[in-house]
Amino acid sequence: MVKRIVLVVSLLAASVSGQGQSHPASAVDVMRSEGPIHVDAILDEPAWQSATSIPVNYEWFPGDNVTAPVSTEALVTWDDRHLYVAFRAHDPHPEKIRARFNARDQATADDTVGFLIDPFNDKRSAYQFRVNALGVQMDALNSDVEGSEDFSWDAIWESAARITPDGFVAEIAVPLQQLRFPRLADAGSWGFLAMRDWPRDVRHRFRSIWTDQNRSCLVCQFQTIRGLRAGTEGRSVELNPSVTASGHQERSTPLSSFDSRESTLDAGLNARWRIAPSITLQGTINPDFSQVESDSAQLDVNTRFALFYPERRPFFLEGADFFETQLPLVFTRNVADPIAGLKLTGKEGPNSFAAFLARDEITNLIIPGDQFSSTASLDDSSTDAVLRYRRDIGA
């Protein structure tokens, strides 16, 4: 048996900017939805008439906080289960709108709108949701502490968009259960930023806030939206069973009949328990990764270091940001064929904690060298454990 344990303890201080922000973003109140909303990119429900309007009127690239050349309006509202954000993106030449049907997270070169939300309003990290003019989804986790934008994270949310004679309209509904937020949800102050990308001769980028380019952080400059009152603490249990069957047949000659040689039946279970809005416990038994997106091909000819493949397996992606550090200390792809796994992640005030335990059928090793790195696998099973604690210091 091989045991591998990684312990990461870090104290993270807020970044110190060289200059203060000259135009602090004002706080806005967000009203509760006055009725049901159907996500169809047609903003005809009464709820949108009373939604809070936030203009996306600052161009931060290539201009430096100049007035955006086209107008964009973000509408924000909520109910007990969802956060709703809609956009009216005006365009004097809608025939120039770039919109393609594409794979998830791959439409960043198109005309897009979206927002970042910081439920803890701690000015450190945020969830990102974007769509193009056809509703193709993009989502990511942004962290000012690690300076990262991780598009491997995928949430379950609804979106729709359509091109109109004067631009395009987009509508987004994010279930609150997909987000982590403080236990005292009725505190109701979240960080928020709306954005739009307008690619023409150059890629114009707009935000709803004046951005101090001399500061190394973005989430720290979000404006505050107030008034959200989640109607549930978000406790829920998700069960995702799987069954995979396979068979093997052979025949001695091209004209003979097939003879069954081998058949297998594998059952597995993934479970997710939302203990509290900010704490999640996840478990897996004999996980089925057959439906996970395939890795992109890489050539290993004349390379000096072991190839790096990003994590795509759902069990390891859940709460992956809790294990993220500026140096890549945790690489979960080393857990190659897990029999079972357990993971706990959460945040309480300035304290974040994360732990996972996995039992692997084999043991993968990366062997570093002065000229190149190599990989090796042992037939012995292994138990892998990672513990991480983080405390935020400062504002």
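Residues numbered from 1 in each chain as written. Predicted model: local features only at pLDDT ≥ 70, side-chain atom pairs only at ≥ 80, totals over all residues. Heavy atoms only, no water.

Draft legend 1. Examining the state of the cysteines more closely. Per the stated rule, a full pass over the model turns up 1 disulfide. Paired through a disulfide, C217 and C220 show a sulfur-sulfur distance of 1.8 Å. Linking C217 and C220, the disulfide has an S-S dihedral of approximately 70° and is accordingly described as right-handed. Accessibility classification places C217 together with C220 in one group, the buried group. (Disulfide = S-S within 2.5 Å. Buried < 20%, exposed > 50% of the residue type's maximum accessible area, 1.4 Å probe, protein only.)

Draft legend 2. Looking closely at the packing of aromatic side chains. Taken as a whole, this structure holds 11 aromatic pairs when the rule is applied. Counting every residue linked through ring pairs, the aromatic cluster contains F115, Y127, F129, W153, W157 and F192. For K343, the ring lying beneath its charged end belongs to F315, and the centroid distance is 5.1 Å. Across the ring face of F120, the terminal group of K347 is positioned such that the distance to the ring centre comes to 5.5 Å. (Phe/Tyr/Trp six-rings, centres within 6.5 Å; stacked < 30°, edge-to-face > 60°. Lys NZ or Arg CZ within 6 Å of the ring centre and 35° of its normal.)

Draft legend 3. A look at the sheet that holds strand β13 (residues 167-175). Strands sit in the order β3-β6-β7-β13-β12 across an open sheet of 5 strands; the sheet is antiparallel. Every interior strand has two partners, whereas the edge strands, β3 (52-55) and β12 (158-164), have only one. Here the average twist between neighbouring strands, direction ignored, is 15°. (Pairing = 2+ DSSP bridges. Helix = DSSP H or I, 4+ residues; strand = E, 2+ residues; numbered from the N terminus. Axes fitted to C-alpha atoms, helices over the stretch in contact; angles between N-to-C directions.)

Draft legend 4. Region of the structure containing the pattern of salt bridges. For the structure on display, the rule yields 19 salt bridges. When the shortest N-O distance is used, the salt bridge between R390 and D392 registers 3.6 Å. A relative accessible area of 8% means that D392 is categorised as buried. Connected through shared salt-bridge partners, D122, R124, K347, R390 and D392 make up one network. (Salt bridge = Lys/Arg side-chain N within 4 Å of Asp/Glu carboxyl O.)

Draft legend 5. Geometry of the nonpolar core. Ranked by size, the top nonpolar core spans 40 residues in total, and within it L83, F115, I117, F129, F192 and I225 carry the most contacts. Residues contacting F192, with those up to four places away along its chain left out, are I54, V76, V85, F115, L116, I117, F222, Q223 and I225. (Core = buried A, V, L, I, M, F, W, Y, C linked by side-chain atoms within 4.5 Å. Contact = heavy atoms within 4.5 Å.)

Draft legend 6. Structural context of the environment of T332. Topologically, T332 is positioned in the loop between α2 (314-317) and β20 (338-348). Distance from T332 to D384, taken between C-alpha atoms, is 9.4 Å for residues 52 residues apart in sequence. In this structure, T332 is in contact with E311, R313, F316 and F356, ignoring residues within four places of it in sequence.

Draft legend 7. Examining unusual backbone geometry more closely. A cis amide bond, omega 0°, links F61 with the succeeding residue P62. Tracing the backbone through its elements, the reader meets P62 in the loop between β4 (58-61) and β5 (66-67). Phi at N65 takes a positive value of approximately 60°, unusual for a residue other than glycine. Structurally, the position occupied by N65 is in the loop between β4 and β5. Judged by its relative accessible area of 12%, N65 is buried. Even without being glycine, N121 reaches a positive phi, approximately 50°. Within the secondary structure, N121 is located in the loop between β8 (112-118) and β9 (125-132).

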